[in-house]
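Structural overview
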Amino acid sequence: MASVLEEMAQAVIDGDGERVAELVKTALSEKVAPSRIINDGLVAGMGVVGERFKNGEFFIPEVLMSARAMHVGMALVKPLLGSGEEKGRGTIVICTVKGDVHDIGKNLVAMMLEGGGFRVVDLGTDVLPERAVAAVREHSAQVLAMSSLLTTTLARMPETIKALEAAGLRGRVKVMVGGAPVTQAFADRAGADGYAPDAALAVELARRLLGL
Ligand code: B1M
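Bear in mind that the values here come from a model prediction, so they are computed numbers and not experimental data.

Within the secondary structure, T160 is located in helix α7 (residues 156–166). T160 has contacts with P129, A132, V133, L144 and M146, leaving out every residue within four places of it along the chain.

The structure is reproduced here in structure tokens:
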């Protein structure tokens, strides 16, 4: 018999938000850790969706249904990721770069950072360098976190870093980057301060960058 996490992954693949909600609640009542619900249930399901999309077995409507189902599950887990009530660790401005509307991974990273005690200002997707720079200034952010899922939008990352430099803000803000096509080598070339391959490591990276 499939475990609750396997069933949850399947419900994400099926794009069945109601079933995802039911299974997340069951998992929580069985005391499954929120991090396992995210990684072994929701993200695992989305991983299969990604493979099927790549292989031409799934098309955009199916992918969107799965993305919505995943959001339903994430919304239920979010309050349990640690209150981060004091938000005393610093402010992080996060966005998906201009030209890119993928936000599932970025939302996951934002959620985990909040759970890790940071105040997170989420600018959403398709964010121009100037907007990111303005938000860093407005919120006196210590970190700018950028996500990109498309190879075609990776160049927006170094552009945004250059815009921070031009605005005279680069010295007071750390920049972290991530997303499926991003690598440590790319982050180094782009002039970022750090790269994290997943949401949990993004929290560790933010802490490290701020010396916490
Ligand atoms: Co699109 N898409 N998509 N898509 N999509 C990919 C990314 C793709 C790899 C699929 C493929 O072809 N195999 C491909 C990109 C190819 C490339 O550039 N190399 C692709 C493409 C081509 C496109 C379109 C161009 C398709 C088209 O229209 N022809 C189009 C582009 C639209 C645009 O942005 N302008 C498009 C559209 C879409 C949808 C709208 C249908 C939907 C997005 C819905 C949404 O996000 N609200 C979608 C989806 C869902 C995907 C896949 C299937 C899944 C992405 C996802 O959410 N993964 C994806 C295939 C895949 O990844 N296998 C694909 C789950 C998520 C949890 O993982 O985002 O990687 P991820 O986040 C991870 C880490 O990367 C990391 O943490 C997370 C996990 O813990 N991370 C960070 C992310 N950001 C971070 C930031 C950090 C640190 C870590 O610090 C700041």
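On we go.
For the rest of this paragraph, the subject is the site of the ligand. Neighbouring the ligand are 32 residues, the closest being V101, H102, D103, S147 and T151. Between a nitrogen atom of the ligand and a main-chain N or O atom of G99, the distance comes to 3.0 Å. In this structure, D103 approaches the ligand through a side-chain N or O atom, which is 2.7 Å from a nitrogen atom. When contributions to the shell around the ligand are tallied by element, the ones reaching two or more residues are α3 (34–54), α4 (60–77), α5 (104–115), β3 (143–147), β4 (174–178) and α9 (199–209). Each residue belonging to the shell around the ligand can be placed in one class, and the counts come to 20 nonpolar, eight polar and four charged. Each of domain 1 (4–80) and domain 2 (91–209) contributes no fewer than three residues to the shell around the ligand.

All right, on to the packing of helix α2 (residues 17–29) against α4 then. Contact geometry of α2 with α4 gives a least axis separation of 8 Å together with a crossing angle of 30°. Between α2 and α4, the interaxial angle falls into the category roughly parallel. Crossing hand, α2 versus α4: right-handed. Contacts between α2 and α4 involve G17, V20, A21, V24 and K25 from the first element and A69, V72, G73, L76 and V77 from the second. Broken down by class, the residue content of the contact of α2 with α4 amounts to seven nonpolar, two polar and one charged.

With that settled, consider unusual backbone geometry. Its identity as a non-glycine residue notwithstanding, K31 has a phi of 65°, on the positive side. One can find K31 in the loop between α2 and α3. Its relative accessible area of 72% is what places K31 among the exposed residues. Positive phi outside glycine occurs at S140, with the angle close to 45°. By secondary structure assignment, the location of S140 is in the loop between α6 (129–138) and β3. Under the relative-accessibility criterion, S140 is labelled partly exposed at 45%.

Time to look at the coordination of the cobalt atom of the ligand. One donor from the polypeptide reaches the cobalt atom of the ligand: H102 (NE2), at 2.2 Å. Take H102: it is sitting in the loop between β1 (91–96) and α5.

Of the residues making up α6, those classed as buried are P129, A132, V133, A135 and V136. Buried residues in α6, looked at end-on, bunch into an arc of 165°, giving them a common side. Along α6, exposed side chains directed more than 90 degrees from the buried face belong to E130 and E138. In this structure, the buried residues of α6 make contact with β1, β3 and α7. A positive backbone phi angle near 45° is found at S140, which sits one or two residues after α6.

Of all five residues in β4, four are buried, a share of seventy percent or more. Bridging between β3 and β4 involves five bridges; their strand directions are parallel. Counted as the bridge partner of V143 is K174 from β4. Across two bridges, the pairing between β4 and strand β5 (residues 194–195) is parallel.

The rules behind these values
Residues numbered from 1 in each chain as written. Predicted model: local features only at pLDDT ≥ 70, side-chain atom pairs only at ≥ 80, totals over all residues. Heavy atoms only, no water. Helix = DSSP H or I, 4+ residues; strand = E, 2+ residues; numbered from the N terminus. Contact = heavy atoms within 4.5 Å. Near = heavy atom within 4 Å. Polar contact = N/O pair within 3.5 Å; in protein donor to acceptor, adjacent residues only side chain to side chain. Nonpolar A, V, L, I, M, F, W, Y, C, P; charged D, E, K, R; others polar. Domains from an automatic or database assignment. Axes fitted to C-alpha atoms, helices over the stretch in contact; angles between N-to-C directions. Parallel < 35°, antiparallel > 145°, perpendicular 65-115°, else oblique. Left-handed = near helix turned anticlockwise from the far one by under 90°. Buried < 20%, exposed > 50% of the residue type's maximum accessible area, 1.4 Å probe, protein only. Donors = N, O, S within 2.8 Å, 3.2 Å for Na, K, Ca; no water. Arc of directions from axis to C-beta. Pairing = 2+ DSSP bridges.

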